[in-house]
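Coordinates in review
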Amino acid sequence: MVVDTVREEQAIRQLTERLVENFGGTYSAEYIEGVVGAARRRFEGHPVRQFVPILVERYVRRELEPVGDAASAAAGPGTGKARRAIPKHKADSGDRGLPVVLRETWSTNKRFVSGAVAAVVAALVVVTVVAVVLAVRQPGGGPVTAAPAAPLTVVHGVVGSEKMSFFQDSKVVEALARNGFEVEVDSAGSRQIATSVDLAKYDFAFPSSEQAAERIQRQRNVNAKYIPFSSPMAIATFTPIADLLAKAGVVRPGPVPTFDMAPYLRMVGNNTRWDDLGDNAAYSVRKNVLISTTDPRSSNSAAMYLAIAGYVANNNTIVQGTSAEEDILPTVARLFVGQGYTQSSSEGPFDSYLATGMGPTPLVWIYEAQFVDAAVRGLIKPDMTLLYPSPTILSRHTLVPFGERGDRIGRLLSTDPDLQRLAAEHGFRTSDAAQFGKVTSDHKIPVANDLIDVITTPTYDTLERLLDGVTKSYN
């Protein structure tokens, strides 16, 4: 504090000498010193002393310099107004010859009470402090610069494509930044993440299921995992298709319609085509009744479809054992091979559903979150309908960290209230059911609030063997 006071006194003396040198031809030295003193007293008690000489000099120069052409022009044409210069012989050490705005200050305990002066000084403080913070050099000292904002820690992750809109949301980006992170993500199918993506360059992997996460944990020898949110599997379709399948006994109508997997598997086994369905004026086309999915060799959503179909084909029992696997494989393989080309991640077929209508994609296997997210963004048209397969599976989106940075992201996504709320806005179910309920209620999205007909997946090894069998069926 003593050092600051000494520096301030030195700076005031230097600026006074500088002002006397600059304006000595117009004003007396006493007058200039009086203006400096009055201006300086305005800042008595100011907590940032190093700024005071600069503010004082700014203010005094405004008082001493004549008004330029711009000010004269502003006063009106022909007025020729300029600040009156006070000759030396009319100035003394008292208040005579001081500008009017300072004379009052000089005579009343030398404090500024003029509203006009206060406004000018306040404006100068704001402008000057900004400039000074950027670059100020004090006598005998180095430049004072604004302390830079702490840089964000950049974290790299690979995520299932259905979560890209979440990570690209500006509100999510801001919430992560408030916690000191910038998260850069690449997308891939969840089974791709677990089988073929080079994970060495990432801080975390975030597939859409515990099964894919388990494989990653085995490969990377990682014990930690986080499940910030989940989403049941669902079917996106159109009202005419749902009505048609209701007549065929596949769809059970209701506030939240369900899709019965057992009669559907029989249709597939019989190679039923859409134009085989009776009373069909809505979609009479010569192609097989099949749900469009992703590629089971790369995508978790297709693996979940396989798990449900396998359960139903196995007399509503979780598949386990070589015999059961071999028995159901021909049935479940037809669900995929008959589709022809399939995309590698769940984003692809759902985007086609939104863009092209029911012509190419009358039934699309999706995560419930994708439909809710699209509805929140206003992308769902009136004839688009959400169905829940019976039974369904809850896909638990599981983050596997590969170090401290990935671990902190996993904890944040699982516990931060803002990020949990934003996850619900993107259609995911979090630990707080009320968040998801509010989103669907506010946007009038008909969803199943209570999931009852939910099964568990087969073991990791069983599912992998079924997927390998389906892969061979493609050949």
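Position numbers for residues count from 1 along each chain, tracking the sequence in the order it is written. Reporting in this predicted model follows two pLDDT cut-offs: at least 70 for local features of residues, and 80 or more for side-chain atom pairs to be given and counted; totals over whole chains, interfaces and linings ignore these cut-offs and use all residues. Water and hydrogen atoms were dropped before computing side-chain values, which therefore reflect all heavy atoms in the structure.

**Regarding the overall build of the protein**
Check the secondary structure of the protein and you find 20 helices and 12 strands. Throughout, exposure labels follow a simple rule: accessible area from a 1.4 Å probe, protein chains only, divided by the maximum for the residue type, with under 20% read as buried, over 50% as exposed, and the rest as partly exposed. Relative to its 475 residues, the protein shows a buried fraction of 48%. Counted over contacts in the protein with a minimum sequence separation of 6, partners at least 24 positions apart contribute 74%. In this description, accessible areas are obtained by the Shrake-Rupley approach with a 1.4 Å probe, and a residue is regarded as covered only by the protein chains that are shown. Per element, the accessible surface of the protein, about 22,600 Å² overall, is 51% carbon and sulfur. Here a helix means four or more residues in a row that DSSP labels H or I, a strand means two or more in a row labelled E, and each is numbered from the N terminus. The contact criterion used throughout is that any non-hydrogen atoms of two residues lie within 4.5 Å.

**Overview of the packing of aromatic side chains**
Aromatic contacts are taken between Phe, Tyr and Trp rings whose centres are within 6.5 Å, Trp giving its six-membered ring; a plane angle under 30 degrees counts as stacked, one over 60 as edge-to-face, and the others as tilted. All told, the structure shown has 12 aromatic pairs when counted by the stated rule. Look at Tyr305 and Phe336: their rings are 5.4 Å apart centre to centre, the planes differ by 80 degrees, and that puts the pair in the edge-to-face class. Of this pair, Tyr305 sits in helix 13 (residues 300-313) while Phe336 sits in helix 14 (residues 322-337), placing them 31 residues apart in sequence. Here the two residues Tyr305 and Phe336 agree in accessibility, since each one is buried. What links up through ring pairs into an aromatic cluster is the set Phe166, Phe167, Phe206, Phe229 and Phe428. As a reminder, the over-ring test applies to NZ of lysine and CZ of arginine, requiring each to be within 6 Å of the ring centre and within 35 degrees of the ring normal. When the ring centre of Phe402 is taken as origin, the NZ or CZ atom of Arg220, which lies over that ring, is 4.2 Å away. Note that Arg297 overlies the ring of Tyr474, its terminal NZ or CZ placed 4.0 Å from the centroid.

**Here we look at helix 19 (residues 433-442)**
Looking only at helix 19, the buried set comprises Gln435, Phe436, Val439 and Thr440. Along the axis of helix 19, the buried residues cluster in a sector spanning 125 degrees; they form a single face. Away from the buried face of helix 19 by more than 90 degrees, exposed residues Ala433, Ala434 and Lys438 are located. Buried residues along helix 19 sit in contact with helix 16 (368-376) and helix 18 (417-425). Each polar contact in these results corresponds to two N or O atoms within 3.5 Å; when the atoms are within protein, one needs to be able to donate a hydrogen and the other to accept it, and residues that are neighboring in sequence are counted only if both atoms are side-chain atoms. A side-chain oxygen of the first residue of helix 19 lies 3.1 Å from the backbone nitrogen of Ala434; this N-cap is Asp432. Directly after helix 19, the chain includes Lys444, whose backbone phi takes a positive value near 55 degrees. Arc definition: directions from the helix axis to the C-beta atoms.

**A short note on the pairing of strand 10 (residues 384-390)**
Burial analysis of strand 10 places 7 of its 7 residues in the buried class, which makes it a mostly covered element. Side-chain alternation along strand 10 places Met384, Leu386, Tyr388 and Ser390 on one buried face and Thr385, Leu387 and Pro389 on a second face that is also buried. A pair of strands is considered paired only if DSSP assigns at least 2 bridges between the two. Examined bridge by bridge, strand 6 (residues 226-238) and strand 10 share 4 bridges and lie antiparallel to one another. Counted as the bridge partner of Phe238 is Met384 from strand 10.

**Regarding the environment of Thr195**
Position of Thr195 relative to the elements: it lies in helix 9 (residues 190-195). Judged by relative accessible area, Thr195 falls into the partly exposed class, the value being 35%. In the structure, Thr195 is positioned 102 residues away from Arg297 in sequence and 9.3 Å away in space, judged by C-alpha atoms. Among the polar contacts made by the side chain of Thr195, one reaches the main-chain carbonyl oxygen of Arg191 at a distance of 2.6 Å.

**Quick look at the pattern of salt bridges**
Salt-bridge detection follows one rule: a side-chain nitrogen of Lys or Arg within 4 Å of a carboxyl oxygen of Asp or Glu. Counted by the stated rule, this structure contains 22 salt bridges. In this structure, the salt-bridge partner of Lys171 is Glu425, at a minimum N-O distance of 3.3 Å. Residue Lys171 is located in helix 8 (residues 170-178), and its partner Glu425 is located in helix 18; the two are separated by 254 residues in the primary sequence. Glu368 is the salt-bridge partner of Arg429, the closest N and O atoms lying 2.6 Å from each other. With Arg429 in the loop between helix 18 and helix 19 and Glu368 in helix 16, the pair connects residues that are 61 residues apart, well separated along the chain. For Arg429, a relative accessible area of 13% gives the class buried. Connected through salt bridges with shared partners, the residues Lys171, Arg178, Asp418, Arg421 and Glu425 form a single ionic network.

**A short note on the confidence of the model for the protein**
The quantity known as pLDDT measures the predictor's confidence residue by residue, on a range of 0 to 100. Model confidence for the protein is summarised by a mean pLDDT of 80, while 76% of its residues fall at 70 or above. Across residues 67-142, where pLDDT falls below 50, the model places 101 contacts with residues more than four positions away in sequence or in other chains.

**Examining the packing of helix 16 against helix 19**
Axis lines are fitted through C-alpha atoms, for helices just across the contact stretch, and the angle between N-to-C directions can take any value from 0 to 180 degrees. Put simply, helix 16 and helix 19 touch, their axes get as near as 10 Å, and they point 50 degrees apart. Taken together, the axes of helix 16 and helix 19 lie oblique to each other. The two elements helix 16 and helix 19 cross, and the hand of that crossing is left-handed. Contacts between helix 16 and helix 19 involve Glu368, Val372 and Val376 from the former and Phe436, Val439 and Thr440 from the latter. Across the contact of helix 16 with helix 19, the residue classes break down as 4 nonpolar, 1 polar and 1 charged. Any angle that falls under 35 degrees is termed roughly parallel, while one over 145 is termed roughly antiparallel, one within 65 to 115 roughly perpendicular, and all others oblique. Helix crossings fall into two classes, left-handed where the near helix is turned counterclockwise from the far one by less than a right angle and right-handed where it is turned clockwise. Asp, Glu, Lys and Arg are counted as charged, while Ala, Val, Leu, Ile, Met, Phe, Trp, Tyr, Cys and Pro are counted as nonpolar; the rest, among them Gly, fall into the polar class.

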